[in-house]
Amino acid sequence: ELKVEQNPLFLSMQEGKNYTIYCNYSTTSDRLYWYRQDPGKSLESLFVLLSNGAVKQEGRLMASLDTKARLSTLHITAAVHDLSATYFCAVDFFSGAGSYQLTFGKGTKLSVIP
Amino acid sequence: NAGVTQTPKFRVLKTGQSMTLLCAQDMNHEYMYWYRQDPGMGLRLIHYSVGEGTTAKGEVPDGYNVSRLKKQNFLLGLESAAPSQTSVYFCASRTLRKRNEQFFGPGTRLTVL
């Protein structure tokens with residue numbers, strides 16, 4: 001059974017600071033996704049990481065994937081209030097039933113304080 | 001393109017009632033999924049489909065049934081609703097082409113009294 005662990009689960013940080021969210025997973029996979037969810041809303045795709053060593057950046061967010069360590073990171077640079085949301089990582093795997101499925105972490109609730 | 005849509009957005013049921021949630025996508029995606037989201041639990045897969053006429057169980061399938069008679073639609077049914085099924089339900093679709101990105105619908109908030 002694939003397990004996906006995110007930490008921290010809750011993060012309160014000041015504007016302008018940097019921080020990293022970690023996503024560890026238990027089974028071999030070379031594809032990982034990061035999503036953002038605002039309260040009462042759906043999930044918005046942030047990054048799709050498709051290979052070992054992949055690095056993607058968008059604004060103040062940067063995601064990376066190390067498939068050998070089974071670890072992905074989401075780095076926040078100079079946080080601003082608009083980044084307050086819940087962030088999920090999801091690991092892709094090919095099931096025995098012949099399909100791809102995402103297994104999600106429990107999410108990291110980020111609050112950026114002025 | 002509407003992307004992934006879900007109907008209804010909100011619903012309140014009494015224990016034992018039945019209902020069907022509809023998911024539709026206009027991206028010609030092969031795969032479709034139903035998830036439930038509960039506080040502190042992330043998203044858990046209920047059922048999924050790899051194509052028209054095929055469905056399979058996910059992590060938490062008990063109490064739910066699904067059908068995919070048309071490629072663009074994926075229905076989730078609750079035959080006899082229970083309070084434990086109070087949750088937010090998300091549908092998603094995906095193609096294995098291009099970036100393998102998975103898109104989510106807006107969600108259905110279901111309360112079972």
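These figures come from a predicted structure and were not determined experimentally.

K.L.:
Quick question: what am I supposed to make of the state of the cysteines here?
P.N.:
Two cysteines form a disulfide when their sulfur atoms are joined by a covalent bond. Tallying each qualifying case throughout the model produces 2 disulfides over all chains. Paired through a disulfide, Cys23(A) and Cys89(A) show a sulfur-sulfur distance of 2.1 Å. Torsion about the S-S bond of the Cys23(A) and Cys89(A) cystine: about 80°, corresponding to right-handed handedness. One end of the pair, Cys23(A), is in strand β3 (residues 19–25); the other, Cys89(A), is in strand β9 (residues 85–94), and 66 residues separate them in sequence. Its relative accessible area of 0% is what places Cys89(A) among the buried residues. Bridging Cys23(B) to Cys91(B), the disulfide has an S-S length of 1.8 Å. Because the sign of the S-S torsion sets the handedness, a value of about -75° for the bond joining Cys23(B) and Cys91(B) places this disulfide among the left-handed ones. In this pair, Cys23(B) is assigned in strand β3 (residues 19–25) and Cys91(B) in strand β9 (residues 87–94), connecting sequence segments 68 residues apart. Here Cys23(B) matches Cys91(B) in class, with each residue buried.

K.L.:
I would appreciate a short explanation of the interface of chain B and chain A in the present structure.
P.N.:
One frequently used descriptor of interface size is the decrease in accessible area upon assembly of the parts. With 22 residues of chain B in contact, the opposing surface of chain A contributes 23 residues. Together, the buried faces of chain B and chain A total about 1,700 Å²; carbon and sulfur atoms form 52% of this surface. Our enumeration of links across chain B and chain A arrives at 1 salt bridge. A salt bridge links Arg94(B) to Asp92(A); the nearest nitrogen and oxygen atoms lie 2.5 Å apart. Between chain B and chain A we count 9 residue pairs in polar contact (both at pLDDT 80 or more) in total. Listing elements by their share of the side of chain B that touches chain A, those giving two or more residues are β4 (31–38), β5 (42–51), β9 and β10 (102–104) of chain B. The element that contributes the greatest number of residues to the side of chain B that touches chain A is β5(B), accounting for 5 residues. Residues belonging to the side of chain B that touches chain A are distributed by class as follows: 12 nonpolar, 6 polar and 4 charged.

K.L.:
How should the sheet that holds β3(B) be read in this particular structure?
P.N.:
The strands that make up a sheet pair up through hydrogen bonds in the backbone, lying either parallel or antiparallel. Residue and element names in this part refer to chain B. With antiparallel pairing, the 4 strands of this open sheet are ordered in space as β1-β3-β8-β7. Since the sheet does not close on itself, it has two edges, and those belong to β1 (4–7) and β7 (65–67), each with one partner. When strand polarity is set aside, the average angle formed by the axes of neighbouring strands in this sheet is 20°. In this sheet, β3 lies alongside β1 in antiparallel orientation, the contact comprising 4 bridges. Looking at β3, one finds that glutamine 6 is bridged to cysteine 23.

K.L.:
Sorry, what's going on with the sheet that holds strand β6 (residues 55–58) of chain A here?
P.N.:
Residues and elements named next belong to chain A. One open sheet holds the 5 strands; their spatial order is β1-β3-β8-β7-β6, and the pairing between them is antiparallel. At either margin of the open sheet sits one strand with a lone partner, and together these are β1 (4–7) and β6. Across the sheet, the mean angle separating the axes of adjacent strands is 15° when strand polarity is ignored. Summarising the sheet, strand β7 (residues 61–66) and strand β8 (residues 71–76) pair through 6 bridges and their orientation is antiparallel. Across the sheet, residue alanine 63 finds its bridge partner in β8, namely leucine 74.

K.L.:
It is not clear to me how the side chain of Thr86(A) should be interpreted in this structure. Could you clarify?
P.N.:
All names here are of chain A. Within the secondary structure, threonine 86 sits in strand β9. For threonine 86, a relative accessible area of 18% gives the class buried. Excluding its chain neighbours within four sequence positions, the residues that come into contact with threonine 86 are Tyr35, Arg36, Gln37, Gly107, Thr108 and Lys109.

K.L.:
Quick question: what am I supposed to make of the layout of surface pockets here?
P.N.:
A probe as big as a water molecule, rolled over the atoms, marks out the empty space that is left. By volume, the largest pocket amounts to about 810 Å³. What lines the largest pocket is a set of 33 residues, and nearest its centre among them are Gln37(A), Pro39(A), Gly40(A), Thr86(A) and Gln37(B). For the lining of the largest pocket, the elements supplying multiple residues, two or more each, are β9 and β11 (108–113) of chain A together with β4, β9 and β11 (108–112) of chain B. It is β11(A) that contributes the most residues to the lining of the largest pocket, 4 residues altogether. When the residues that make up the lining of the largest pocket are grouped by side-chain class, the tally is 12 nonpolar, 14 polar and 7 charged. Of the volumes computed, that of the second largest pocket is approximately 510 Å³. Around the second largest pocket sit 21 residues that line it, and Glu1(A), Leu2(A), Thr103(A), Phe104(A) and Glu59(B) are the ones nearest its centre. Secondary-structure elements contributing two or more residues to the lining of the second largest pocket are β1 and β10 (100–104) of chain A together with β5 of chain B. A per-element tally of the lining of the second largest pocket places β10(A) first, with 4 residues. For the lining of the second largest pocket, the class distribution of residues is 10 nonpolar, 4 polar and 7 charged.

Rules behind the numbers
Residues numbered from 1 in each chain as written. Chains lettered and ligands numbered in written order. Predicted model: local features only at pLDDT ≥ 70, side-chain atom pairs only at ≥ 80, totals over all residues. Heavy atoms only, no water. Disulfide = S-S within 2.5 Å. Helix = DSSP H or I, 4+ residues; strand = E, 2+ residues; numbered from the N terminus. Buried < 20%, exposed > 50% of the residue type's maximum accessible area, 1.4 Å probe, protein only. Contact = heavy atoms within 4.5 Å. Buried area = accessible area lost by both parts, 1.4 Å probe. Salt bridge = Lys/Arg side-chain N within 4 Å of Asp/Glu carboxyl O. Polar contact = N/O pair within 3.5 Å; in protein donor to acceptor, adjacent residues only side chain to side chain. Nonpolar A, V, L, I, M, F, W, Y, C, P; charged D, E, K, R; others polar. Pairing = 2+ DSSP bridges. Axes fitted to C-alpha atoms, helices over the stretch in contact; angles between N-to-C directions. 1 Å grid on protein atoms, 1.4 Å probe; cavity = no way out; pocket = protein on both sides within 12 Å on 5 of 7 lines; lining within 4 Å. Points joined across faces, edges and corners; volume = space filled by probe spheres on them.

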